[in-house]
Amino acid sequence: MFLRKQGLSIYRAACTSKMAVSLDAFVEFLKSESCQKVVLLTGAGCSVAAGIPDFRSPGGMYDTLRPESITANKAQRELMKSDATYVVEKGLFSENQFPYLEVRRPFILGTQEKRWQATIGHRFIELLHKHGKLSRLYTQNIDGLEYQCEIPQDKMVPVHGTMSKIGCEECGAQADFETFCKDVKENIKDIYGIDNTAPQRSKNIFCKNCRAPALKPTTVLFGSSLPERFFTCKSTDLPDADLVMILGTSLVVGPANSIAYAISEECLRVVINREPVGQELGILYGDDATRDIFLQGDVDAVCLDLIIRLGWLDELLQMKDSLPEASKDLLEATIQTIS
């Protein structure tokens, strides 16, 4: 508690009276011994540079969903037409596993093929861990890109589950990811017309433990509870956090957004996003902010700037070959600018 109060005092003292949020002061705080327990909450903005399909934006999965192409009955298709998110609803999956698996087929197989790579934003979190700063990463993303980084799994909480692990919705048994992907490729039709090897009709994929047609990636369906581990970790992580960083999320989805406010008054809070978010949760912007810092921009660009300021650029350069093209381009352009 004393170090957190001292750290916040150091940060505030370094800020000018006219600008309550100072980037330089924040970087010095992050480097200091007063900042040892960093908690992060990430959203879709952290994976933009990877080219991950966006579900909610114009042109995304929900916007382009065509229920008539999905294996479902008339009533189910009508519900999908009225609300595209019904395709990932628990009640529908318990009746019919095909809508979920057909819509998510490219994402499942793309995850297996490692079609998308961890971004600079993900590597920033990895560097926080390597420098002994990371307490926990809470991610709302289901893409599993953080698993490509050298971050211990016990320091990660996939709040909404992940595409890279498979389980049965009925009995909870775990299943082999590679075997499941093979079954998806051979048994689930391609509604997007991109895989000419896909079957013309979908066939159920059964759980080997309970024989129910209920196998799927361990993503949390609408209508399901979040993993108990989210609540357990949150109750132990947040009271002691020195810093909470919010990367690329609108903070509109609860209870994941509670990470932003269920913290002590001494905890510094940083938002990295294209626009201000979380005002209704108590986050302050502008001259009134005393512990809230807004770093505006794309997650990759802001995290790269922080990495440079922290003196971690050489470590990031060692990861360059594993970055997605958009992240590589940004890194190369930045190096040319500063060299």
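In the block above lies the structure referred to throughout.
This is a predicted model, so every value here is computed, not measured.

With that out of the way, let us pick up the nonpolar core. One finds F26, L243, M245 and I272 to be the most contacted residues of the largest nonpolar core, which totals 77 residues. Within the second largest apolar cluster, 21 residues are counted, among which are V39, L41, L238 and A241.

Bringing the pairing of strand β8 (residues 268-273) into the picture now. With respect to burial, β8 is a largely interior element, six of its six residues being buried. Of the two faces of β8, the one holding L268, V270 and I272 and the one holding R269, V271 and N273 are both buried throughout. Relative to β8, strand β7 (residues 243-247) runs parallel, the two being bridged by five bridges. By the bridge assignment for β8, V244 is matched with R269.

What follows deals with the layout of surface pockets. Quantified by volume, the second largest pocket comes out at close to 530 Å³. Considering the residues around the second largest pocket, the lining is formed by 24 residues, among which G161, Q174, T218, V220 and P227 are closest to the centre. Looking at the lining of the second largest pocket, the elements that each hand over two or more residues are β3 (156-158) and β4 (166-168). Ranked by residue count, the leading element in the lining of the second largest pocket is β3, at three residues.

Another aspect to go through is the sheet that holds β4. Pairing is antiparallel across the open sheet formed by three strands, whose spatial order is β5-β4-β6. The sheet is open, and its two borders are formed by β5 (174-175) and β6 (215-217), each paired with just one other strand. As defined by bridge partners, β4 adjoins β5 across two bridges and the pair is classed as antiparallel. Bridge pairing in β5 links I166 to A175. On the sheet, helix α8 (residues 177-187) packs against β4, β5 and β6 and is oriented at approximately 110° with respect to β6.

Tracing the chain through its elements places T42 in strand β1 (residues 38-42). A polar contact of 2.9 Å, which involves the side chain of T42, links it to the side chain of T139. Residues within four places of T42 in sequence aside, it is in contact with I125, L137, Y138, T139, Q140, N141 and L247.

Interaxial distance between helix α7 (residues 120-130) and helix α10 (residues 299-310) falls to 8 Å at its minimum, and their mutual angle equals 35°. Seen from above, α7 lies across α10 with left-handed handedness. The residues of α10 that touch α7, namely those facing I120, G121, F124 and L127, are V299, D300, C303, L304, L306, I307 and L310.

Under the defined criterion, the tally for this structure stands at six aromatic pairs. Both rings, one in Y285 and one in F294, keep their centres 5.1 Å apart while their planes meet at 90°; by these two values the pair is edge-to-face.

Here we take up the sheet that holds strand β9 (residues 292-296). Strand order across the open sheet formed by six strands is β3-β2-β1-β7-β8-β9, with parallel pairing between neighbours. Since the sheet does not close on itself, it has two edges, and those belong to β3 and β9, each with one partner. Strand after strand, the sheet turns through a mean of 15° between neighbouring axes, direction not considered. Of the strand pairs in this sheet, strand β2 (residues 134-139) and β3 are connected by three bridges, and their pairing is parallel. In the sheet register, L137 faces β3, and the bridge partner there is M156. The strands that helix α2 (residues 23-31) touches are β1, β7, β8 and β9; relative to β7, the one it contacts most, it runs at about 120°. Of the strands in this sheet, β1, β2 and β3 are in contact with helix α9 (residues 228-237), which crosses β2 at around 145°.

This structure, assessed with the given rule, holds 17 salt bridges. Two residues, K130 and E126, come together in a salt bridge whose shortest N-O distance is 3.2 Å. Of this pair, K130 and E126 both sit in helix α7, four residues apart, which is roughly one turn of that helix. Here D298 ties to R274 by a salt bridge, and the two come within 2.5 Å at their closest N and O atoms. Placement of the pair is D298 in the loop between β9 and α10 and R274 in the loop between β8 and β9, with a sequence separation of 24 residues. A relative accessible area of 49% places R274 in the partly exposed class.

Packing of α10 against helix α12 (residues 325-338) leaves a shortest axis separation of 11 Å and a crossing angle of 45°. One element, α10, and the other, α12, form an angle in the oblique class. In the crossing of α10 with α12, the sense of the turn from one axis to the other is right-handed. Residue-level inspection shows D300, A301, L304 and I308 of α10 in contact with α12, the latter providing S327, L330, L331, T334 and I338. Residues of the contact of α10 with α12, tallied by class, amount to six nonpolar, two polar and one charged.

Definitions and limits used
Residues numbered from 1 in each chain as written. Predicted model: local features only at pLDDT ≥ 70, side-chain atom pairs only at ≥ 80, totals over all residues. Heavy atoms only, no water. Core = buried A, V, L, I, M, F, W, Y, C linked by side-chain atoms within 4.5 Å. Buried < 20%, exposed > 50% of the residue type's maximum accessible area, 1.4 Å probe, protein only. Helix = DSSP H or I, 4+ residues; strand = E, 2+ residues; numbered from the N terminus. Pairing = 2+ DSSP bridges. 1 Å grid on protein atoms, 1.4 Å probe; cavity = no way out; pocket = protein on both sides within 12 Å on 5 of 7 lines; lining within 4 Å. Points joined across faces, edges and corners; volume = space filled by probe spheres on them. Contact = heavy atoms within 4.5 Å. Axes fitted to C-alpha atoms, helices over the stretch in contact; angles between N-to-C directions. Polar contact = N/O pair within 3.5 Å; in protein donor to acceptor, adjacent residues only side chain to side chain. Left-handed = near helix turned anticlockwise from the far one by under 90°. Phe/Tyr/Trp six-rings, centres within 6.5 Å; stacked < 30°, edge-to-face > 60°. Salt bridge = Lys/Arg side-chain N within 4 Å of Asp/Glu carboxyl O. Parallel < 35°, antiparallel > 145°, perpendicular 65-115°, else oblique. Nonpolar A, V, L, I, M, F, W, Y, C, P; charged D, E, K, R; others polar.

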